[in-house]
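Chain and residue survey
Next come the chains, spelled out residue by residue.
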Amino acid sequence: MIRFEKVAKRYPNGHIGLHELSVHVRRGEFLFVTGHSGAGKTTLLRLLLAMERPTSGKLLLAGQDLAKIRNSQIPFLRRQIGVVFQNHQLLFDRSVFDNVALPLHIMGLGQDEINARVSQALEHVSLKDKAMQAPADLSTGQQQRVGIARAIVHQPALLLADEPTGNLDPRLAAEIMAVFEDINRHGTTVMIASHDLALIARMRQRMLTLQRGRLIGDGESGL
């Protein structure tokens, strides 16, 4: 599904985000990307979202070369991708339902379809009974679940998460990871950038380790 072929990203100030990265991710995989601050995790995710372009190399997502994608194609590319942030970025002046429905309104779906998809997404994260509540009335873990529901409501093939448990205690972090695993079992490819090595080790999933833009490890995590 994803193929990095000697992908490099060099910024105008000379900083190297990625150095000739070569990685293949199969459809339906669950994997972590880890490394210290500045290792290249965020650069990797931004390249997949076409927020940045590779300086050199080939980056394929579902057969499409993101180094050559036209700007007009980017909105359609992003409909294949869901994104979960460390800060869930919810709109606190709207209900949980309206937060999750937002991507579907942008896509122009009808209200009946929106109602069905939002209900399904909230059920997936065990928040169907919270649909009409305000995000401010929810716990931190529940707010992150709303963010996940919003990321999957348009049924993306790929789910990216950038430090999604960074603000959570260990118990809530484990609960959120269980949600990601359930999403993955339904066929979605899941890629999570995280520096929480203890949590990653317990998950026993594939782990890519970056250091200063270079891939220094690719294998199953485990204690």
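A brief report on the enclosed structure follows. The structure presented is a predicted model; accordingly, all values stated were derived computationally and were not measured.

Here we take up the overall build of the protein. Across its full length, the protein carries seven helices and 10 strands. Relative to the 2.2 N^0.38 estimate, which gives 17 Å for 223 residues, the radius of gyration of the protein is 17 Å and therefore close to what a compact globule would have. Dimensions of the protein, computed from the C-alpha atoms along their principal axes, are close to 45 × 45 × 30 Å. Considering only intrachain contacts with a sequence separation of at least 6, the fraction spanning at least 24 residues in the protein is 66%.

Before going further, it helps to examine the sheet that holds strand S2 (residues 16-25). In space, the four strands of this open sheet follow the order S2-S1-S4-S5, with antiparallel pairing throughout. Since the sheet does not close on itself, it has two edges, and those belong to S2 and strand S5 (64-65), each with one partner.

Mapped onto the fold, Leu21 is located in strand S2. Note on Leu21: relative accessible area 3%, which makes it buried. Spatially, the C-alpha atoms of Leu21 and Leu77 are 22 Å apart, while their sequence positions differ by 56 residues. With near-sequence residues (within four places) excluded, Leu21 lies in contact with Phe4, Glu5, Lys6, Val7, Leu44, Leu210 and Leu215.

As a further point, take the nonpolar core. Judged by nonpolar contacts, the single largest core of 39 residues is most densely connected at Val118 and Phe180. Elements that contribute at least two residues to this core include exactly strand S3 (30-34), helix H3 (96-107), helix H4 (111-124), helix H5 (140-152), strand S7 (158-162), helix H6 (170-185), strand S8 (189-193) and helix H7 (197-203). Top element by residues in this core is H6. It accounts for seven residues. What Val118 contacts, discounting residues up to four positions off in sequence, is Phe97, Val100, Ala101, Leu104 and Val153.

It is worth spelling out the sheet that holds strand S10 (residues 214-220) at this point. Spatial strand order, S6-S7-S8-S3-S9-S10: six strands in an open sheet with mixed pairing. Strand pairing shows two members of the sheet lacking a second neighbour, strand S6 (81-84) and S10, which therefore form its edges. In this sheet, neighbouring strand axes are inclined to one another by 15° on average, regardless of whether the strands run parallel or antiparallel. Those strands touched by H5 are S6 and S7, and its axis lies near 165° from that of S6.

Under the counting rule described, the total for this entry stands at 10 salt bridges. Among the salt bridges present, the one from Arg46 reaches Glu52, with a minimum N-O distance of 2.8 Å. Judged by relative accessible area, Arg46 falls into the partly exposed class, the value being 29%. Accessibility expressed as a relative area gives 13% for Glu52, which makes it buried.

Geometrically, a packed helix pair is captured by the angle between its two axes and the distance between the axes. Packing of H3 against H4 brings their axes to within 9 Å, and their N-to-C directions diverge by 125°. By the criterion of interaxial angle, the relationship of H3 to H4 is oblique. The way H3 lies across H4 gives a crossing that is right-handed. Side by side, H3 and H4 meet where Val96, Phe97, Val100, Ala101, Leu104 and His105 of the first sit next to Gln111, Ile114, Asn115, Arg117, Val118, Ala121 and Leu122 of the second. Counted by class, the contact of H3 with H4 contains nine nonpolar, three polar and one charged residues.

This part is about the side chain of Arg145. As for its position among the elements, Arg145 is in helix H5. The exposure class of Arg145 is buried, given its relative accessible area of 15%. Once residues lying within four places of it in the same chain are set aside, the contact partners of Arg145 are Val125, Ser126, Leu127, Glu175, Ile176 and Val179.

Summed over all chains, the structure comprises one aromatic pair. If you follow Lys9 out to its NZ or CZ, it ends over the ring of Tyr11, 5.3 Å from the centre.

Within a regular strand, side chains alternate between the sheet's two faces. With five of its six residues buried, strand S9 (residues 206-211) lies for the most part within the structure. Where S3 lies against S9, four bridges are found, and the strand directions are parallel. When the sheet's bridge partners are listed, Leu31 is paired in S9 with Arg206. With six bridges connecting them, S9 and S10 associate as antiparallel partners. Within S10, the residue paired with Leu208 across the bridge is Asp218. Between S9 and the antiparallel strand that follows it, S10, lie two residues; Arg212 among them carries a positive phi value of about 50°.

Quick notes on the rules
Residues numbered from 1 in each chain as written. Predicted model: local features only at pLDDT ≥ 70, side-chain atom pairs only at ≥ 80, totals over all residues. Heavy atoms only, no water. Helix = DSSP H or I, 4+ residues; strand = E, 2+ residues; numbered from the N terminus. Rg over C-alpha atoms; globule rule 2.2 N^0.38 Å. Contact = heavy atoms within 4.5 Å. Pairing = 2+ DSSP bridges. Buried < 20%, exposed > 50% of the residue type's maximum accessible area, 1.4 Å probe, protein only. Core = buried A, V, L, I, M, F, W, Y, C linked by side-chain atoms within 4.5 Å. Axes fitted to C-alpha atoms, helices over the stretch in contact; angles between N-to-C directions. Salt bridge = Lys/Arg side-chain N within 4 Å of Asp/Glu carboxyl O. Parallel < 35°, antiparallel > 145°, perpendicular 65-115°, else oblique. Left-handed = near helix turned anticlockwise from the far one by under 90°. Nonpolar A, V, L, I, M, F, W, Y, C, P; charged D, E, K, R; others polar. Phe/Tyr/Trp six-rings, centres within 6.5 Å; stacked < 30°, edge-to-face > 60°. Lys NZ or Arg CZ within 6 Å of the ring centre and 35° of its normal.

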